[in-house]
Amino acid sequence: MSEPFMNTPPKPEKLGAMTEGYLKDAFAGESQASQKYLAFSAKAAADGLPNVARLFEAVAYAESTHARNHLSVLGGIGSTADNLQAAFGGETFEITEMYPAYDAVAALQGATEARTSIRYAKAAEQDHQALYEATRETVETGKDMAAGAIRVCPICGHTVIGGAPEECPVCGTSGQYFREF
Amino acid sequence: MADDVFEKKLPAPAELNPMTDESLRAAFAGESQAAEKYLVFAEQAEEDGFPNIARLFRAISFAETRHARNHLRTMGGINRTADNLQTAYEGESFEVDEMYPAYREIARTQKNREALRSMSYAMKAEVDHKRMYSDARERALKGDDIADQPVSVCLICGHTVIGDVPDKCPVCAAGAKYYRAFD
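This is a predicted model, so every value here is computed, not measured. (Residues numbered from 1 in each chain as written. Chains lettered and ligands numbered in written order. Predicted model: local features only at pLDDT ≥ 70, side-chain atom pairs only at ≥ 80, totals over all residues. Heavy atoms only, no water.)

By the definition in use, this model includes 14 aromatic pairs over all chains. Consider the rings of Phe40 of chain A and Phe56 of chain A, whose centres lie 5.5 Å apart with planes at 70°: the pair is edge-to-face. Here the residue Phe40 of chain A occupies a position in helix H1 (residues 17-46), and Phe56 of chain A occupies one in helix H2 (residues 50-73), the gap between them amounting to 16 residues. Comparing Phe40 of chain A with Phe56 of chain A shows no difference in burial state: the two are buried. Taking 5.5 Å as the distance between ring centres and 70° as the angle between the ring planes, the aromatic pair formed by Phe41 of chain B and Phe57 of chain B counts as edge-to-face. (Phe/Tyr/Trp six-rings, centres within 6.5 Å; stacked < 30°, edge-to-face > 60°. Helix = DSSP H or I, 4+ residues; strand = E, 2+ residues; numbered from the N terminus. Buried < 20%, exposed > 50% of the residue type's maximum accessible area, 1.4 Å probe, protein only.)

The subject of this paragraph is the packing of H1 of chain A against helix H3 (residues 51-74) of chain B. The description of two packed helices rests on the angle between their axes and on the distance between the axes. Relative orientation of the contacting elements H1 of chain A and H3 of chain B amounts to 75°, with a least axis distance of 10 Å. Here H1 of chain A is positioned roughly perpendicular relative to H3 of chain B, judged by the angle of their axes. In this structure, H1 of chain A contributes Gln35, Lys36, Leu38 and Ala39 of chain A to the contact, and H3 of chain B contributes Thr65, Ala68, Arg69 and Leu72 of chain B. Looking at the contact of H1 of chain A with H3 of chain B, its residues break down into 4 nonpolar, 2 polar and 2 charged. (Axes fitted to C-alpha atoms, helices over the stretch in contact; angles between N-to-C directions. Parallel < 35°, antiparallel > 145°, perpendicular 65-115°, else oblique. Contact = heavy atoms within 4.5 Å. Nonpolar A, V, L, I, M, F, W, Y, C, P; charged D, E, K, R; others polar.)

Now for the interface of chain A and chain B. Reports often express the size of an interface as the amount of accessible area lost when the parts come together. Taken together, the 113 residues of chain A in the interface contact 117 residues of chain B. For the pairing of chain A and chain B, the buried interface totals around 9,700 Å² over both sides, and the portion due to carbon and sulfur atoms is 64%. Arg54 of chain A is paired through a salt bridge with Asp148 of chain B; the nearest N and O atoms lie 2.8 Å apart. Taken together, the links from chain A to chain B amount to 51 residue pairs in polar contact (both at pLDDT 80 or more). Elements that contribute at least two residues to the side of chain A that touches chain B include exactly H1, H2, helix H3 (80-108), helix H4 (112-140) and strand S1 (150-152) of chain A. In terms of residue count, H1 of chain A provides more of the side of chain A that touches chain B than any other element does, 22 residues in total. Here the side of chain A that touches chain B is built from residues that sort into 61 nonpolar, 32 polar and 20 charged. (Buried area = accessible area lost by both parts, 1.4 Å probe. Salt bridge = Lys/Arg side-chain N within 4 Å of Asp/Glu carboxyl O. Polar contact = N/O pair within 3.5 Å; in protein donor to acceptor, adjacent residues only side chain to side chain.)

Right, dumping it as structure tokens:
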């Protein structure tokens, strides 16, 4: 089979089970590489290497395009209503299954820093679950959600619609550091 | 930004028992995939005519990025830049030398053309990334930054180029206007 190169992102297709499994692994790998490089970019900027920071940021974006391509072939991109449902399902799993289990292990092993990282994430996923649920209901009536800023705590990921609180209720970071979307 | 404020609030790198380490690794994988998925969902929401939902997906993607960073930091995965470049180089090498060649053979055997295309796009870009990280690491070890030049990325296939953008992407043939510049 020759290798097709076309200037459109790859499309969904019926996949053999082995190909599907490995493509899922590749999506996981690209996603983690992208996130690692974003963290490394921030570190390079802190180390006084702005051009290396830019390289990491650009390559993180390249990995995002690969993650998107793999997800597309896997049929993981639906209508926005479907995507909201998928997102809601993912957040629900993290809140009810994943993080409680991980926190129990970290508590057993006295891993206080790991517990902090888990607590920050779980608290934010609760915000996300509620936001996705409310939004899905709006979309089912064919409407967009209301316009307005969304703000995210740069430390713990706490997510609010509208103005930032004076202090993050999860980690105590001052609201002035919240990133606005 | 107020680095000292951040330093105190962020979870710190810690000695972890294997089971906790494994949990955090899995959580890092989960957060990373959620962050990427939500970016794609944001694009789809724009296309579907829901700009406010697109904003929601982008904001929550950023929140997941914070969680991924926190988990990675706690596992001791963020080090000085020369070491981070080495880690990045090794990751790209694994993908180029092991992962994608094996995955591509499977996709070929199963005649999954789109999967093969998606993997080939990625593998070709990782070859460039590997070289760029290797060069940057040599410089960082001497205490030097790399040259101050834009880095551009093909938004179809991820082809990455330092300096001038080609007229046509050498991997997927997309035109120059499909490159996103980081300058």
